[in-house]
Amino acid sequence: MFRAKRVLPLLLKNTNGLRQQNRFLSAEAKPAPWPRKVFSGVQPTGALHIGNYLGAVKRWVELQEAGEDVTYCIVDLHSMTIPPDPDTLRHNTLQMTATLLACGIDPARATLFLQSAVPQHAELSWILGCLTTMARLTHLPQYKEKSANMKEIPLGLYLYPVLQAADIMLYKATHVPVGEDQIQQLQLAQSLARAFNNKYGRTFPFCETLVNDGSRLKSLRDPSKKMSKSDPDPKSCIMLIDPADVVLEKVKKSVTDFRSEVTFDAKERPGVSNLITIHSLVSGKPVEEICREAVGKNTGQYKLLVAEALIEHLRPIRERMERYTRDVGYLADVIEEGSERARAIAEQTIDEVKEKIGVDGLRAGRRQRNVRQES
């Protein structure tokens, strides 16, 4: 009994010491955090509307101005799920480049490039596609939405989210600015990163979402729907290229309700609340301040204030767009230089991936041959 009483405390003491040592070793062995990197992309589908700008591109500029490591991609391969007219795609690609530059994207501080100029996007997409299932892809919201009215579904519609995951993972992005409607698609990238890491070792970070509250502006003609340039009613959205008189007319024709005062209630008063949101995003004023300043004005008078603020905010963007559009050579240089920087990063990532999955046999053979020759 005496021996047991003496030994037990010693064993407990040693056990506690081992626990502390294990914790120390565990902390030492813990991988270093991934460097913060932001990635996002936009399709070259022609001019942007204010929902695209205020919900995404304006946020991109803010991240750039904050000194973040930012990579922005014109995802022309994504636009091919429904094959486009070649001349239209070329024009839209240059138009989108001009638009992003006009909105404030600085190629000296952000990597701005063309997806199709970096072949590793398609290469990684195939590899990741082998880690997911058709059942998973058919449950994604974009597939459900776009395939609903199709008799024959193109393969690209299934693979679109896998390519989107490859876009993000190729640059080892840790943060992706997205709209609320894209969160589920980003979850596929998170799932694929986890699956690859579990199977082949730590390779990709777990990317997080940066959701913008202004990412879902409503249609000016039907505030129950998201603003979209595919809406058959041209007055439903305001394009960045719209001249001042067109902007004024669209705002004046926007649907509100039968109450005259200006108050924010997204559920009960979606039309007026949509205008207040737009006003807040272009002026930088909080919603509460806007509502206070609008006391005594009816919705008709308030619409004129919104239009004025919007016109002033968009004027310099439109002027820069016109200037950039006239200099096609400069736009081509910007895209080529950005694509070169993107390719350098993409090559490193795909080489690492190939080595881990074992499809680098030729490269490995050459390394062994060189070692034998040197010895």
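Just so you know, these numbers come straight off a predicted model, no measurement behind them.

Peer 1: Explanation requested: the overall build of the protein in the structure shown.
Peer 2: Along its length, the protein carries 14 helices and five strands. The buried share among the 375 residues of the protein stands at 42%. Contacts spanning at least 24 positions in sequence make up 74% of the contacts within the protein whose residues lie at least 6 apart.

Peer 1: Teacher, can you tell me more about the packing of helix H9 (residues 244-252) against helix H12 (residues 299-325) here?
Peer 2: Working note: a packed helix pair is described by the angle between its axes plus the distance between those axes. Axis separation between H9 and H12 bottoms out at 9 Å; the angle between their running directions is 150°. As for how H9 packs across H12, the hand of that crossing is right-handed. In this structure, H9 uses Ala244, Val247, Leu248, Val251 and Lys252 to contact H12, whose residues at the interface are Lys303, Leu304, Val306, Ala307, Leu310 and Ile311. Residue classes in the contact of H9 with H12 are distributed as nine nonpolar, no polar and two charged.

Peer 1: Looking at this model, I keep getting lost on unusual backbone geometry. Mind explaining?
Peer 2: Excluding glycine, residues mostly have negative phi values, and the peptide bonds linking residues are mostly trans. Unlike most non-glycine residues, Lys172 shows phi in positive territory, near 50°. Position of Lys172 among the secondary structure elements: in the loop between helix H7 (155-170) and strand S4 (175-178).

Peer 1: Help me understand the packing of helix H3 (residues 86-103) against H12 in this model?
Peer 2: The geometry of H3 relative to H12 is characterised by a closest axis approach of 8 Å and an angle of 135° between their N-to-C directions. On the basis of their axis angle, the class for H3 and H12 is oblique. In terms of crossing hand, the pair formed by H3 and H12 is right-handed. In this structure, H3 contributes Gln95, Ala98, Thr99, Leu101, Ala102 and Cys103 to the contact, and H12 contributes Ile317, Arg320, Met321, Tyr324 and Thr325. A breakdown of the residues in the contact of H3 with H12 according to their chemical character gives seven nonpolar, three polar and one charged.

Peer 1: What's the story with the pattern of salt bridges in this structure? I'm lost.
Peer 2: Here the idea is simple: oppositely charged side chains can pair when their charged atoms come close. Inspection of every chain in the model, using the stated rule, returns 18 salt bridges. For Lys58, the salt bridge is made with Glu62, and the minimal N-O distance between the two is 3.2 Å. Pair noted here: Lys58 and Glu62 are both in helix H2 (residues 50-65), with a separation of four residues, about one helical turn. Its relative accessible area of 37% is what places Glu62 among the partly exposed residues. Of the charged contacts, one joins Asp233 and Arg221 as a salt bridge, the two residues approaching to 3.2 Å between their closest N and O atoms.

Peer 1: What's the story with the side chain of Lys58 in this structure? I'm lost.
Peer 2: Looking at Lys58, the relative accessible area reads 19%, which means it is buried. With sequence-adjacent residues up to four places away left out, Lys58 is seen in contact with Tyr53, Leu281 and His313.

Peer 1: Looking at this structure, I do not really get the packing of aromatic side chains. What am I missing?
Peer 2: Aromatic rings considered in pairs are described by the distance between their centres and by the relative angle of their planes. Taken as a whole, this structure holds six aromatic pairs when the rule is applied. Put simply, the rings of Phe39, Phe113 and Tyr171 touch in pairs and so form one group of aromatic residues. Above the face of the Tyr324 ring, Arg323 is positioned so that its terminal group lies 5.5 Å from the ring centre.

Peer 1: Help me out: how do you make sense of the nonpolar core in this one?
Peer 2: Nonpolar side chains in soluble globular proteins generally cluster together in the buried interior. Ile50, Leu100, Leu240 and Leu310 are the most contacted members of the largest nonpolar core, which totals 55 residues. Each of domain 1 (38-214) and domain 2 (244-326) contributes no fewer than three residues to this core. Beyond its immediate sequence surroundings of up to four residues, Leu100 is in contact with Val42, Val57, Trp60, Ile74, Ile105 and Leu112. Among the nonpolar cores identified, the runner-up in size contains 32 residues, and Val118, Tyr171, Val178 and Ala189 belong to it.

Peer 1: Mind showing me how you'd approach the pairing of S4 here?
Peer 2: A regular strand carries its side chains on alternate faces of the sheet. Residues His175 and Pro177 line one face of S4 and the alternating positions Val176 and Val178 line the opposite face, and both faces are buried. By the bridge criterion, four bridges tie S4 to strand S5 (residues 208-211) in an arrangement that is parallel. Bridge assignment links Val178 to a residue of S5, and that residue is Val211.

Rules used in this analysis
Residues numbered from 1 in each chain as written. Predicted model: local features only at pLDDT ≥ 70, side-chain atom pairs only at ≥ 80, totals over all residues. Heavy atoms only, no water. Helix = DSSP H or I, 4+ residues; strand = E, 2+ residues; numbered from the N terminus. Buried < 20%, exposed > 50% of the residue type's maximum accessible area, 1.4 Å probe, protein only. Contact = heavy atoms within 4.5 Å. Axes fitted to C-alpha atoms, helices over the stretch in contact; angles between N-to-C directions. Left-handed = near helix turned anticlockwise from the far one by under 90°. Nonpolar A, V, L, I, M, F, W, Y, C, P; charged D, E, K, R; others polar. Parallel < 35°, antiparallel > 145°, perpendicular 65-115°, else oblique. Salt bridge = Lys/Arg side-chain N within 4 Å of Asp/Glu carboxyl O. Phe/Tyr/Trp six-rings, centres within 6.5 Å; stacked < 30°, edge-to-face > 60°. Lys NZ or Arg CZ within 6 Å of the ring centre and 35° of its normal. Core = buried A, V, L, I, M, F, W, Y, C linked by side-chain atoms within 4.5 Å. Domains from an automatic or database assignment. Pairing = 2+ DSSP bridges.

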